[in-house]
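Given next are the chains, with one letter for each unit.
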Amino acid sequence: MNRTAHSHTQRQRYRRKVQQCLDVFETMLARSSFECEAPLTGMEIEANLVDADYQPAMANSQVLAAIGDPAYQRELGAYNIELNVEPRPLPGRRGLELETDLRASLNVADAKARGNGAQIVMIGILPTLMPDHLTGAWMSDTARYAALNDSVVAARGEDIVIDIDGPEPLTLQTASIAPESACTSMQLHLQVSPEEFAGHWNAAQALAGPQLALGANSPYFFGHQLWAETRVELFAQSTDTRPEELKKQGVRPRVWFGERWIDSIFDLFEENVRYFPSLLPEVSDENPVAELACGRTPQLSELRLHNGTVYRWNRPVYDVVDGRPHLRVENRVLPSGPTVADMLANALFYYGLLCVLAREQRPLWTRLGFATAHDNFRRAARHGMAARLYWPGLGEVGMGELTRRELLPLARRGLADWGVAAEVADRFLGIIEGRIATGRNGAAWQVSTVTALQARGMSRPDALAEMLGRYCTHMHTNRPVHTWELS
């Protein structure tokens, strides 16, 4: 793997170029036409590879070569892959069509993985992952990941500390960003106009707590039971470029919820440039000022690359397709799994709520403090379905009451307004209803199963492997997690 070194001169050029891109982007927001007539939704699904004993399989190069589909790509860890789902509109029966297409694609990919001694698992954190797995050749053979690792470690200037509380607290030090590879998520994209971006981003931030509480699926890391969605805190700590002194000075972390509601997508890009130094200062040959002056759409490569190294839970995206620029909200809150049906239930629930809340006459975020939205997010990550969150008009409330009284009716209305077929809304919102009725999401099922197996005399490592084996069996049935048997 070739390491990429960045000189001081290159970093200075990159900083100037990022600022130039930001200035051009501001001009484009004022003058340019962005693609938004038929908003598209998109999805990325990260997954893990395991062997026959449900241990991490460092085999993504071989598996991806066997799959032979450009929709599947490497992720940070050699045991990680990602499926990029083709963007599509949401109305009609497309949700059911997407479910069929996703299952078919993943089944083909899994069959080819099995031909290389691996199988695909969709889960927030691989529960059988242990410290020994993240030594040696744990990283994907990609120069950019090596450069990212080197930049994070160099910026911090000392080992990265992982310190997570919970039922079984965990503290360790690591000389690399290897623990980040444990965090596998599902990202949801929505294309929006410049005028509507702020409302959609603000709504997504307000929804992050309830969204995460219902979808939590990452209770174990390195054999310890930690948060319902441990991935949130693990991701934040494993990419933290700040030593203790900078934390105490109030320097922002790279994994960031944010600190205020916004008025424009420009607010987010401007904050990124103002607060965060470059990690990958790669400079392109494009002159964005000249491109715009000639009537062409600039790629703004440096600004996009910089944005990709600031890990907001709801990230702004500028992209160019077929010469037309567009903007997206990239929702990064949710973990991967447990099933395709569960992930699409999470997606439709989110899209339906976003459709309503982004356009309310009296927006939710005018009645909900930003710090409270962040506190909701943290509570949801810790406690999952058991979280109590603050909601305007209800006060502090449990997830059952909040979801039944407020969120499900709003989501159903939003999907109807979007033109989503009733049978699609019934199928996927019915899964959310089932989770509320049983109190069971992926995290709850994992903990209940491991607890029961250990009560029968299994060691923790054996119980985690047995649980993961059962998880994989259930995953392939596509029956939602709230219907899975408990041991």
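Above this text you will find the structure in question.
Here is a short report on the structure shown in this document. The model shown is predicted, which means the values in this text are computed figures rather than measured ones. Chains are numbered independently. Their residues run from 1 in the order of the written sequence. For a predicted model such as this one, the threshold for reporting local features is a pLDDT of at least 70, and the threshold for listing and counting side-chain atom pairs is 80 or more; totals across whole chains, interfaces and linings nevertheless cover every residue. Each side-chain value is worked out from all heavy atoms of the structure, with water and hydrogens disregarded.

Here the aromatic set is Phe, Tyr and Trp, taking the six-membered ring for Trp, and pairing holds for ring centres within 6.5 Å; pairs whose planes are under 30 degrees apart are stacked, those over 60 apart are edge-to-face, and all others are tilted. Under the defined criterion, the tally for this structure stands at 17 aromatic pairs. Their ring planes at 65° and their centres at 5.0 Å tell us that F25 and F269 sit as a pair that is edge-to-face. Within this pair, whereas F25 is found in helix α1 (residues 8-31), its partner F269 is found in helix α8 (residues 265-275), the two being separated by 244 residues in sequence. Comparing F25 with F269 shows no difference in burial state: the two are buried. These aromatic residues form a ring-pair network of at least three members: F235, F257, W261, Y311, W313, F370 and F377. The lysine or arginine in question, R252, covers the ring of Y275, its NZ or CZ lying 3.7 Å from the ring centre. Secondary structure elements follow DSSP: runs of H or I no shorter than four residues count as helices, runs of E no shorter than two count as strands, and numbering proceeds from the N terminus. Buried, partly exposed and exposed residues are distinguished by accessible area as a fraction of the type maximum, computed with a 1.4 Å probe on protein chains only: under 20%, between the cut-offs, and over 50%, respectively. A ring is considered to have a charge above it if a Lys NZ or an Arg CZ atom is located within 6 Å of its centre and within 35 degrees of its normal.

Here strand β14 (residues 388-391) runs beside strand β15 (residues 395-398); their pairing, made up of four bridges, is antiparallel. If you follow Y390 over to β15, its bridge partner there is E396. In short, DSSP must find at least two bridges between two strands for them to pair. Between β14 and β15, which follow one another and run antiparallel, lie three residues, and G393 among them has a positive phi close to 90°.

The rule is simple: put a 1 Å grid over the protein atoms alone, call a set of points where a 1.4 Å probe fits but cannot get out a cavity, call an open set with protein on both sides within 12 Å along at least five of seven lines a pocket, and count a residue as lining if it has an atom within 4 Å of a point. Grid points are joined across faces, edges and corners, and a volume is the space filled by probe spheres set on the points. For the structure shown, the criterion picks out three cavities of 30 Å³ or more. Empty space within the largest cavity amounts to approximately 140 Å³. Lining the largest cavity, in full, are R103, L106, N107, D110, I120, M122, T339, V340, M475, H476 and N478. If you list the elements that add at least two residues to the lining of the largest cavity, you get α3 (94-114) and α16 (460-477). Under this grouping Gly is polar, as are all residues other than the nonpolar Ala, Val, Leu, Ile, Met, Phe, Trp, Tyr, Cys and Pro and the charged Asp, Glu, Lys and Arg. Across the lining of the largest cavity, the residue classes tally to five nonpolar, four polar and two charged. Taken as a whole, the second largest cavity holds about 110 Å³ of empty space.

The subject of this paragraph is the pairing of strand β13 (residues 324-335). Taken across its twelve residues, β13 has eleven buried, putting it largely inside the fold. Two elements, strand β7 (residues 185-192) and β13, share seven bridges in a ladder whose sense is antiparallel. Note that in β13 the partner of V192 across the bridge is L327. In the sheet, strand β12 (residues 314-321) pairs with β13 via eight bridges, with the strands oriented antiparallel.

Here we come to the pattern of salt bridges. Any carboxyl oxygen of Asp or Glu that lies within 4 Å of a side-chain nitrogen of Lys or Arg is treated as forming a salt bridge with it. Taken as a whole and judged by the stated rule, the model has 35 salt bridges. Here E396 ties to R379 by a salt bridge, and the two come within 3.1 Å at their closest N and O atoms. Of this pair, E396 sits in strand β15 while R379 is found in helix α12 (residues 370-383), placing the two residues 17 residues apart along the sequence. Owing to a relative accessible area of 44%, E396 belongs among the partly exposed residues under this scheme.

With that settled, the discussion passes to the state of the cysteines. What counts as a disulfide here is a pair of cysteine sulfur atoms lying within 2.5 Å. Taken as a whole and judged by the stated rule, the model has zero disulfides. You can see C294 has no disulfide; the closest cysteine sulfur is in C21, sitting 16 Å from it. Free cysteine C472: the closest other cysteine sulfur is in C183, separated by 19 Å.

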